[in-house]
Amino acid sequence: MHQGDAFDYIIVGAGSAGCVLANRLTASGRHRVLLLEAGPNNRHPWLHIPLGYGKLFTDRRFNWCYETEPQPECDGRAIIAPRGKVLGGSSSISGLIYIRGQAEDFDHWRQLGNAGWSFDDVLPYFRRAEDNERGADALHGAGGPLSVADARDRHPLADAFIEAAVECGYPRNDDFNGPTQEGAGYYQTTTRNGRRSSTAVGYLKPARRRANLTVVSEALATRVLFHGRRANGVEYLVDGEKRSARANAEVIVASGAFNSPQLLQLSGLGPASLLQSLGIAVVADMPGVGNGLNDHYAGRIILRCNEPLTLNDAVRSWGGKITEGLRYGFTRRGYLTVAAIAAGCFVRAHPSSDTPDSQCSIALYSADAIGGNLHPFPGVTGICTLLRPESRGSVRIKSADPRQAPAIHPNYLATAKDRETIVAGVKALRGIFRAPAMARHIAEELEPGAQCVSDDDLLDFIRRCGSTTYHPVSTCRMGSDPNAVVDERLRVHGFEGLRVVDASIMPAVVSGNTNAATIMIGEKGADMILADAAAGAGVRASRAA
Ligand SMILES: Cc1cc2nc3c(=O)[nH]c(=O)nc-3n(C[C@H](O)[C@H](O)[C@H](O)COP(=O)(O)OP(=O)(O)OC[C@H]3O[C@@H](n4cnc5c(N)ncnc54)[C@H](O)[C@@H]3O)c2cc1C
């Protein structure tokens, strides 16, 4: 085995959180940091052009292209589960929507016992990360590494969707990250001047000039190394060659909600029976590692429009493609700057909800499948995301081989409340598309179609045709109960020198899109790591496992 150098910190995964950590931990020049990333560099143009989102869905060069186990409540289907595998991680392939979640989400994390994670506690980290083109105010930041911008162009169908939502009685909302999330408006995106602002661009690029940061891409971490209960290194594969590096201070796992629990399980931290069944020596029996997977499920409806106003029409011909390409090249405007979804409306669909439980959105295209070919006629897609799913699932390795994908089981729609809420949400979404301002643009609802009327039929459609909005969290959950994996300082329970800092630590998914909250976790995690280093404490086990 190639015996590598020693560093202070080794970060596994250069995704939304990993790039933030790499930047913040190297800023003082005092700490030597190794950043390992399984995927390649982020030079490909589609990683920078917002519309590239659609291209990257199924591109195995930059995407792990996972799929779930057959989902019992979703007609037994395996559902796609893309994840970024490239510098910037999922922030390099995401739909670019900037929504933090509701203040109540973070207050709920705090109520679960996680000191330091209430909305008031985390707001400074959202603000520090942000460079909002609207400028700073009490809720927003300016000058941070993450660019947040308004839509470059208004679009008649997005305008109509917002108008229709207002006709349905929902308020207008120009800032979903403002005082209230409820209502309809355009989404802000993580872009700058019509280009994607991934964490590889905003955080990693400026940090790469620093001599104390080493980045190794195309390096698959296979195991965290331990001396007793202290993590002291990482083993990884480059071009089939096994290497290792030592960490004098900490190993920080930032591999995302699927791969962080996978790496811990491969390292001997997980449900003992699972590890034993695969011949992995048990370092700690931790049933919570990989348990509790919480993800956003969505119902999608497809509508044919009566005018050629959609992306389908703009890029159908070569002439259209060239026109859009030139428009983007010269003005940084047009369809190539458009994020996955253009505008939306947060609604309280279930009678028991005090705050929005459904995110209804319009995408300015329609396709025969997610990531598939655009329809050869004008079309749009309506998406309703169930914001606070109760259903919980798991991530479990299937093999001791780190190159094998884990079994991903989100357990979508497992509870009656989730099923009731998503049916109510899709009804609200259909209501917006049927309101006069929008209805005048719609020729027909193709899926589920006018014949689908009863709640039972609608639920059946959602089970057969719904999908994820790609926000898995909670597989290395923060907390103090026996199934929690990390404490409120993100230290793995029972270990020294080991943290998890990424979306997997969220106690529950936020009521929005998860990139902003993960970047906040990276910012806050970095502060805690640096504070512990300054205190000379290193990381101490918070309780015996
Ligand atoms: C298709 C898609 C669309 C999305 N759209 C939006 C959106 O519009 N808005 C939004 O807010 N959120 C969106 N998200 C969600 C958001 O991107 C994620 O929640 C967020 O990026 C998660 O950050 P992370 O740091 O936890 O993981 P990631 O960003 O996924 O980073 C993990 C990194 O670790 C690397 N890695 C994994 N295992 C290993 C290993 N063993 N060794 C070395 N490296 C490893 C991975 O390759 C990856 O680069 C989307 C996600 C996807 C996939």
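Once a new chain begins, its residue numbering starts again from 1 and follows that chain's sequence as written. The predicted nature of this model means local features are confined to residues of pLDDT at least 70 and side-chain atom pairs, given and counted, to a pLDDT of 80 or more, with totals for whole chains, interfaces and linings taken over all residues. Based on all heavy atoms of the structure, the side-chain values leave hydrogens and waters out of the count.

### Description of unusual backbone geometry
Among all residues except glycine, the phi angle is most often negative; among peptide bonds, the trans geometry is most common.
Inference 1: Following Glu447, the chain continues to Pro448 via a peptide bond in cis, the omega torsion being 0°.
Inference 2: Inspection of the secondary structure puts Pro448 in the loop between β23 (442-447) and α13 (455-465).
Inference 3: A positive phi is found at Asn411, a non-glycine position, where the angle reads about 60°.
Inference 4: Relative to the elements of secondary structure, Asn411 occurs in the loop between β22 (407-409) and α11 (416-434). Each helix corresponds to a stretch of at least 4 residues labelled H or I by DSSP, and each strand to a stretch of at least 2 residues labelled E; elements are numbered beginning at the N terminus.

### Digging into the pairing of strand β19 (residues 358-363)
Inference 1: The cut-offs for exposure are 20% and 50% of the maximum accessible area for each residue type, with area from a 1.4 Å probe on protein chains only; residues under the lower value are buried, those over the upper are exposed, and the others partly exposed. Along β19, 6 of the 6 residues are buried, which leaves the element largely enclosed by surrounding structure.
Inference 2: A two-sided burial pattern is seen for β19, the buried positions comprising Ser358, Cys360 and Ile362 on one face and Gln359, Ser361 and Ala363 on the other.
Inference 3: Any two strands with at least two DSSP-identified bridges between them are counted as paired. When β19 meets strand β20 (residues 379-386), the two strands line up antiparallel, connected through 6 bridges. The residue bridging Ser358 from the neighbouring strand is Leu386, located in β20.

### Here we look at the sheet that holds β22
Inference 1: Taken in spatial order, the 3 strands make up an open sheet running β16-β21-β22, and their pairing is antiparallel. Since the sheet does not close on itself, it has two edges, and those belong to β16 (291-293) and β22, each with one partner. On average, each strand axis in the sheet is tilted by 35° relative to the strand beside it, whichever way the strands run.
Inference 2: Where strand β21 (residues 393-396) meets β22, 3 bridges bridge the pair, whose relative direction is antiparallel. The residue of β22 that forms the bridge with Ser394 is His409.
Inference 3: Residues count as neighbours in contact if any of their non-hydrogen atoms are within 4.5 Å of one another. Angles shown run from 0 to 180 degrees and are taken between the N-to-C directions of axes, each axis being a line fitted to C-alpha atoms and, for helices, limited to the stretch in contact. Contacting β16, β21 and β22, helix α7 (residues 256-266) crosses the sheet at an angle of about 50° to β21.

### Re the pairing of strand β13 (residues 241-253)
Inference 1: The pairing of strand β12 (residues 230-238) with β13 spans 6 bridges and is antiparallel. Along β13, the bridge assignment pairs Val238 with Glu241.
Inference 2: Taking the residues that link successive antiparallel strands as the turn, the β12-β13 hairpin has 2 residues, and the phi of Asp239 there is positive, at about 50°.
Inference 3: Relative to strand β25 (residues 498-500), β13 is paired through 3 bridges, and the arrangement is parallel. In the sheet register, Ile252 faces β25, and the bridge partner there is Arg499.

### Side note on the nonpolar core
Inference 1: Side-chain atoms within 4.5 Å link the members of a nonpolar core, which is a set of buried Ala, Val, Leu, Ile, Met, Phe, Trp, Tyr and Cys residues. Ranked by internal contacts, the top residues of the largest apolar core, which has 78 residues, are Trp117 and Leu498.
Inference 2: Per element, the largest residue contribution to this core is 8 residues, and it comes from helix α14 (residues 514-534).
Inference 3: The residues touching Trp117, leaving out its near neighbours within four places in the chain, are Phe106, Trp109, Arg110, Val122, Met478, Glu488, Leu490, Ile505, Met520, Ile521, Lys524 and Met528.

### As for the side chain of Asp357
Inference 1: With respect to the secondary-structure elements, Asp357 resides in the loop between β18 (343-347) and β19.
Inference 2: Within the buried set, Asp357 has no salt-bridge partner at all; the shortest N-O distance to an opposite charge, 5.5 Å, is to Arg388.
Inference 3: Those residues within four positions of Asp357 in sequence are excluded, and the remaining contacts are Val347, Arg348, Ala349, His350, Thr385, Leu386, Leu387, Arg388 and Thr421. In this tally Asp and Glu are treated as negative and Lys and Arg as positive; neither His nor the chain ends contributes. By salt bridge we mean one thing: a side-chain nitrogen of Lys or Arg within 4 Å of a carboxyl oxygen of Asp or Glu.

### With respect to the environment of Ala400
Inference 1: One can find Ala400 in the loop between β21 and β22.
Inference 2: Residues Ala400 and Leu87, 313 residues apart in the sequence, show an inter-C-alpha distance of 25 Å.
Inference 3: With sequence-adjacent residues up to four places away left out, Ala400 is seen in contact with Leu266, Leu278 and Ile280.

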